[in-house]
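Structure at a glance
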Amino acid sequence: MTYEGRLRAQLPSATRLLMLKADGSISIHADDRAYKPLNWMNPPCTIAMGDDEWVVTNAKGERLTITIESVHADVAHTLGAEPGLAKDGVEAELQGLLAAHPAEMEMGLTLIGREWETGIGPVDLLCRDAEGATVAVEVKRRGEIDGVEQLSRYLGFLERDRRLAPVRGLFVAERIAPQARTYAASLGIGCVTVDYERLAGLTSHELRLF
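Residues numbered from 1 in each chain as written. Predicted model: local features only at pLDDT ≥ 70, side-chain atom pairs only at ≥ 80, totals over all residues. Heavy atoms only, no water.

1. Describing the overall build of the protein
- Regarding its fold elements, the protein presents four helices and 13 strands.
- Seen through its C-alpha atoms, the protein measures out along the principal axes to roughly 75 × 35 × 35 Å.
- Put simply, the protein has 210 residues, and 36% of those count as buried.
- A separation threshold of at least 6 residues defines the contact pool for the protein, and within that pool the share at least 24 residues apart is 46%.
- Total accessible area on the protein stands at roughly 13000 Å², and carbon and sulfur atoms take up 53% of it.
- The protein carries 23 positive and 31 negative side-chain charges, and their two centres are separated by 3 Å. (Helix = DSSP H or I, 4+ residues; strand = E, 2+ residues; numbered from the N terminus. Buried < 20%, exposed > 50% of the residue type's maximum accessible area, 1.4 Å probe, protein only. Contact = heavy atoms within 4.5 Å. Areas by Shrake-Rupley, 256 points an atom, 1.4 Å probe, with all protein chains shown as cover. Lys, Arg positive; Asp, Glu negative; His and termini not counted. Charge placed at Lys NZ, Arg CZ, Asp CG, Glu CD.)

2. Some thoughts on the packing of aromatic side chains
- The full count for this structure, using the stated rule, is zero aromatic pairs.
- Seen from the ring of Phe-157, Arg-160 lies directly overhead, with NZ or CZ sitting 4.2 Å from the centre. (Phe/Tyr/Trp six-rings, centres within 6.5 Å; stacked < 30°, edge-to-face > 60°. Lys NZ or Arg CZ within 6 Å of the ring centre and 35° of its normal.)

3. What about the sheet that holds strand β3 (residues 17–20)?
- Reading across the sheet, the three strands line up as β3-β4-β5 and stay open at both edges, with antiparallel pairing between neighbours. Each edge of the sheet is formed by a strand with only one pairing partner; in this case those strands are β3 and β5 (39–41). Shown here is a sheet whose adjacent strand axes are inclined to one another by a mean of 15°, direction ignored.
- Direction of pairing for β3 relative to strand β4 (residues 26–29): antiparallel, over a ladder of four bridges. (Pairing = 2+ DSSP bridges. Axes fitted to C-alpha atoms, helices over the stretch in contact; angles between N-to-C directions.)

4. So, the packing of helix α2 (residues 145–158) against helix α3 (residues 178–186)
- Between α2 and α3, the shortest axis-to-axis distance is 8 Å and the interhelical angle comes to 25°. In terms of orientation, α2 and α3 fall into the roughly parallel class. As for how α2 packs across α3, the hand of that crossing is right-handed. Between α2, through Ile-145, Val-148 and Glu-149, and α3, the contact on the second element is made entirely by Gln-179, Ala-180, Tyr-183 and Ala-184.
- Tallied by class, the residues present in the contact of α2 with α3 amount to five nonpolar, one polar and one charged. (Parallel < 35°, antiparallel > 145°, perpendicular 65-115°, else oblique. Left-handed = near helix turned anticlockwise from the far one by under 90°. Nonpolar A, V, L, I, M, F, W, Y, C, P; charged D, E, K, R; others polar.)

5. Thoughts on the confidence of the model for the protein
- Predicted confidence across the protein gives a mean pLDDT of 87, with 91% of residues reaching 70 or more.
- Looking across the protein, the model is least confident in helix α4 (residues 196–207), with a mean pLDDT of 67, and most confident in strand β13 (residues 190–193), with 96.
- Note on residues 204–210: pLDDT under 50 across the span, and one contact to partners over four residues away in sequence or across chains. (pLDDT = per-residue confidence, 0-100.)

6. Points about the pairing of strand β9 (residues 110–117)
- In the sheet, β9 pairs with strand β10 (residues 122–128) via six bridges, with the strands oriented antiparallel. Paired with Leu-111 across the bridge in β10 is Cys-127.

7. Here's the deal with the environment of Arg-163
- Topologically, Arg-163 is positioned in the loop between α2 and β12 (167–176).
- Accessibility expressed as a relative area gives 71% for Arg-163, which makes it exposed.
- Along the sequence, Arg-163 and Pro-43 sit 120 residues apart, while their C-alpha atoms lie 20 Å from each other.

8. Details of unusual backbone geometry
- Here the residue pair Pro-43 and Pro-44 is connected by a cis peptide bond, since its omega of -5° sits within 30 degrees of zero.
- Here Pro-44 shows up in the loop between β5 and β6 (45–49).
- At Glu-115, a residue that is not glycine, the phi angle is positive and equals roughly 50°.
- Residue placement: Glu-115 occurs in strand β9.
- Of the residues examined, Glu-115 reaches a relative accessible area of 38% and is grouped as partly exposed.

What follows is the structure, given as structure tokens:
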């Protein structure tokens, strides 16, 4: 495999898993590294498939050339609509509290909708900021790198909707790992920490008569 783009990288010949998804992405996996691929192309990209070579190109002109020496298995499955990750009680309630009080995340923020469908899953909250720009919000209890990656994928799809573009991202959690903050900053995604107990108390105060 050879990658040509911002830099040049090569992988020597070995047994690997090639994963093509309906969203137009392709990723190359080894038998370690957990969920992280050795290399990948985010959608949209074009794949030219030959008998012994695949050439993948994206809109930026980056190119991934994959040489296929032998095929051990070739399997295709249609996964269907993605229902989204089921949240635990606290995370789901935190999302609801932030939907009711979007200004707690950023002054001037107003809610457009919850569980807004992107085509690859729903983003937790879709909002509009004080300047009228669209803001996609992903809510977690504990903010890690995988949550930032999830939001980044949603942003890529939301940007294609001319009614919403441009769209920026906001990653919101009770605690955000330093590595996640660094990664989010590199993608232009903002990070906000919130206090669940204070938000829950704010709601309970509003419902009290005395």
